[in-house]
Amino acid sequence: MTRNDIFYKILFAISIALLPIVIFAYLYLPEWSISLIIAGILLCKIWIELFKDKLNFQHAIIDALASILIFTTLIILFAVIDAINLALAIIAIILIILTNVYKIVFFKKNMPEFVDAVDYCYMLFECLTLIAFTFLLYYSLVTNIGLVAIILTAGVSVCYKVYYTFRYTKVNNIFKFRRKR
């Protein structure tokens, strides 16, 4: 295990460990404490991106798991307290899960530059939405815009990867009809 690998796993553990503290802070502490804890999750997310080995499959799984856990927990929490629209929250959670699952499924595949660019935009919008979550209890419009940006980029990424699945893999053979000679 390299030094970066250890830091990566420690940062993953810290970011996941901060999630129950966010819920505790909402229940028992003042509103500004939630912002500080979410800012801590954001800092862990940024450092995770710095220490991540892009060619390591284990890091890809950990990154996808962290993204799913962080965003589903925060989106559900803020949807329960009516800070986020419920329909927007459900669509965002579904697309976040699908995007991260496809990231793992197509880990070794060479995707077009367009899809790689959309995936980087998705990662950027994740960080920007975490920034918006820090100010959610004061001003919710920025968070809704961040969720719409995540929905759009995740939707484009998922649509292309579903298209790629049907177009270039063996699943395509199921749907082809045999021509009669």
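Please read these numbers as outputs of a predicted model, since none were measured by experiment. (Residues numbered from 1 in each chain as written. Predicted model: local features only at pLDDT ≥ 70, side-chain atom pairs only at ≥ 80, totals over all residues. Heavy atoms only, no water.)

Caption draft 1: Geometry of the nonpolar core. The biggest cluster of nonpolar side chains holds 39 residues, and the ones touching the most others in it are L74, I75, F78, L130 and F133. Counting only elements with at least two residues in this core, the list comes to α1 (3-28), α2 (31-51), α3 (57-80), α4 (86-105), α5 (113-134) and α6 (141-168). Residue contacts for L130: discarding those within four places in its chain leaves I38, I41, L42, K45, I70, F71 and L74. Counting 8 residues, the second largest nonpolar core, distinct from the first, contains Y8, F12, C44 and I48. (Core = buried A, V, L, I, M, F, W, Y, C linked by side-chain atoms within 4.5 Å. Buried < 20%, exposed > 50% of the residue type's maximum accessible area, 1.4 Å probe, protein only. Helix = DSSP H or I, 4+ residues; strand = E, 2+ residues; numbered from the N terminus. Contact = heavy atoms within 4.5 Å.)

Caption draft 2: Inspection of a nonpolar patch on the surface at higher detail. There is a patch of nonpolar side chains on the surface, built from W32, L36, L124, L128, I131, F135, Y138, Y139, L141, V142 and I145 and spanning about 1200 Å² of accessible area. Of all the secondary structure elements, the ones that give two or more residues to the nonpolar patch are α2, α5 and α6. (Patch = residues over 30% accessible without salt bridge, like charges linked within 9 Å, V, L, I, M, F, W, Y side chains within 5 Å. Areas by Shrake-Rupley, 256 points an atom, 1.4 Å probe, with all protein chains shown as cover. Salt bridge = Lys/Arg side-chain N within 4 Å of Asp/Glu carboxyl O.)

Caption draft 3: Seen up close, the side chain of S157. Position of S157 among the secondary structure elements: in helix α6. Side chain to side chain, S157 and D119 meet in a polar contact 2.9 Å long. Residues in contact with S157, not counting those within four places in the same chain, are T99, V118 and D119. (Polar contact = N/O pair within 3.5 Å; in protein donor to acceptor, adjacent residues only side chain to side chain.)

Caption draft 4: Broad picture of unusual backbone geometry. The phi dihedral of D82 falls on the positive side, at around 60°, and the residue is not glycine. Secondary-structure assignment places D82 in the loop between α3 and α4. On the accessibility criterion, D82 (68% relative accessible area) is exposed.

Caption draft 5: Spatial organisation of the environment of F106. Tracing the backbone shows F106 in the loop between α4 and α5. For the pair F106 and Y164, spaced 58 residues apart in sequence, the C-alpha to C-alpha distance is 9.9 Å. Apart from residues no more than four positions distant in its own chain, F106 is found in contact with M111, K161, Y164 and T165.

Caption draft 6: Region of the structure containing the confidence of the model for the chain. Looking at the chain, pLDDT values average 84 and 91% of them are 70 or higher. At the low end of the mean pLDDT range in the chain sits helix α7 (residues 171-175), at 54; at the high end sits α4, at 91. (pLDDT = per-residue confidence, 0-100.)

Caption draft 7: Structural view of the packing of α2 against α5. The geometry of α2 relative to α5 is characterised by a closest axis approach of 8 Å and an angle of 165° between their N-to-C directions. Here α2 lies roughly antiparallel to α5, going by the angle between them. Classified by chirality, the crossing of α5 by α2 is left-handed. Across the interface between the two elements, S35, I38, A39, I41, L42, K45, I46 and E49 from α2 touch M123, E126, C127, L130, I131, F133 and T134 from α5. In terms of residue class, the contact of α2 with α5 is built from 10 nonpolar, 2 polar and 3 charged. (Axes fitted to C-alpha atoms, helices over the stretch in contact; angles between N-to-C directions. Parallel < 35°, antiparallel > 145°, perpendicular 65-115°, else oblique. Left-handed = near helix turned anticlockwise from the far one by under 90°. Nonpolar A, V, L, I, M, F, W, Y, C, P; charged D, E, K, R; others polar.)

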